[in-house]
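Listed here are the chains, written in short residue letters.
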Amino acid sequence: MFDDIEGSVGVFDFDELANHLLEQGLDASPSTLHGCLTGLLAAGAPLEAEAGLALLGQALDLDLHGELAGQALQLYLVTGAAMEDEEFDFHLLLPDDEEEIAVRTNELANWCRGFLAGFAQVNKSQPGQESSEILSDLAIIAEASVDEDAEEDESEGSYIEVVEYVRFAALNVYMESRSVQQEKGDRSLH
C-alpha cells in the first residue's frame, strides 16, 4: 500500500507514528488512526485529505498538528488510492511481525475500533446487508485477544487469517459504499 507513493518512506512507520502521537499527548495508536481514516473512506467521505483530517479529528476527538497532521493527510491520500487500486494493494497499518502476537492482536482490535468510529462519523444511514454483516464482524474483532492456551503457531495462523479477512472486509464496505454513491449520483442526473 505504501510502496508506490513518492516521498512516503518513513511516513507510515508504525513506531514513528506512535512516537508522534505520544509527543502530542494523544491517546490513540497508529492502528486506530489508520482504521478510522479507512472507515471514513469506506463510508463515503470525500477523498480530499483536509476533509479526511477534519472528520478524523471529530471521530476520534483528536487535534492533530504539525508533522503528525501532515502524516495523517498523506496516510489518508495513500489509503484512498490503495482502496481504489485494482490490484487490492490496500493493507492495514499494524505493528511489524517481530512484535508479540498479543501486541499485534491488540492493535488489530484498535484498527477495527478506529474503522467503526470513522464509518459511523460519515455514514448516518443503514448500510447495505453485506456491509452490516461486515461491521458486525469488525465489532467482534474489535474485542479480540489472544487465547493464552493456544499454541504460538496456531495464534499466528489465526492472526494472519483475521488480518486478511479485515483487509478484504474493509475493501468490500468501501466498494459497496462507492457503488451506492454512484447509483444515487446517476439517479439525480435524470
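Described below are features of the structure shown in this document. (Residues numbered from 1 in each chain as written. Predicted model: local features only at pLDDT ≥ 70, side-chain atom pairs only at ≥ 80, totals over all residues. Heavy atoms only, no water.)

**Topic: the environment of Val78**
Point 1. Along the chain, the position of Val78 falls in helix α4 (residues 66-84).
Point 2. Considering only alpha carbons, one finds Val78 and Trp111, 33 residues apart in sequence, at a separation of 17 Å. (Helix = DSSP H or I, 4+ residues; strand = E, 2+ residues; numbered from the N terminus.)

**Quick look at the packing of aromatic side chains**
Point 1. Scanning all chains against the criterion turns up three aromatic pairs.
Point 2. When the ring of Trp111 is compared with that of Phe115, the centres are 5.6 Å apart and the planes differ by 20°; the resulting orientation is stacked. Of the two residues, Trp111 and Phe115 are both situated in helix α5 (residues 101-122); the distance of four residues between them amounts to about one turn of the helix. Note on accessibility: Trp111 and Phe115 belong to one class, buried.
Point 3. Pairwise contacts between aromatic rings join Trp111, Phe115 and Phe119 into one cluster. (Phe/Tyr/Trp six-rings, centres within 6.5 Å; stacked < 30°, edge-to-face > 60°. Buried < 20%, exposed > 50% of the residue type's maximum accessible area, 1.4 Å probe, protein only.)

**Regarding the environment of Met83**
Point 1. In this structure, Met83 sits in helix α4.
Point 2. Residues Met83 and Val166, 83 residues apart in the sequence, show an inter-C-alpha distance of 13 Å.
Point 3. Ignoring sequence-local partners within four residues, the contact set of Met83 consists of Thr38, Leu41, Phe90, Ala170, Leu171 and Tyr174. (Contact = heavy atoms within 4.5 Å.)

**A look at the side chain of Ser131**
Point 1. Residue position: Ser131 is located in helix α6 (residues 129-141).
Point 2. Since its relative accessible area comes to 2%, Ser131 is described here as buried.
Point 3. For Ser131, the contacting residues outside a window of four places in its chain are Val173 and Glu176.

**Brief notes about the pattern of salt bridges**
Point 1. What the rule picks out here adds up to three salt bridges.
Point 2. Between Arg104 and Asp97 there is a salt bridge; the shortest N-O distance is 3.8 Å.
Point 3. Overall, Asp97 belongs to the exposed group, its relative accessible area being 60%.
Point 4. The shortest N-O distance in the salt bridge between Arg167 and Glu164 comes to 3.1 Å. Of this pair, Arg167 and Glu164 both sit in helix α7 (residues 152-189), three residues apart, roughly one helical turn.
Point 5. Sharing partners across several salt bridges, the network here consists of Asp97, Arg104 and Glu156. (Salt bridge = Lys/Arg side-chain N within 4 Å of Asp/Glu carboxyl O.)

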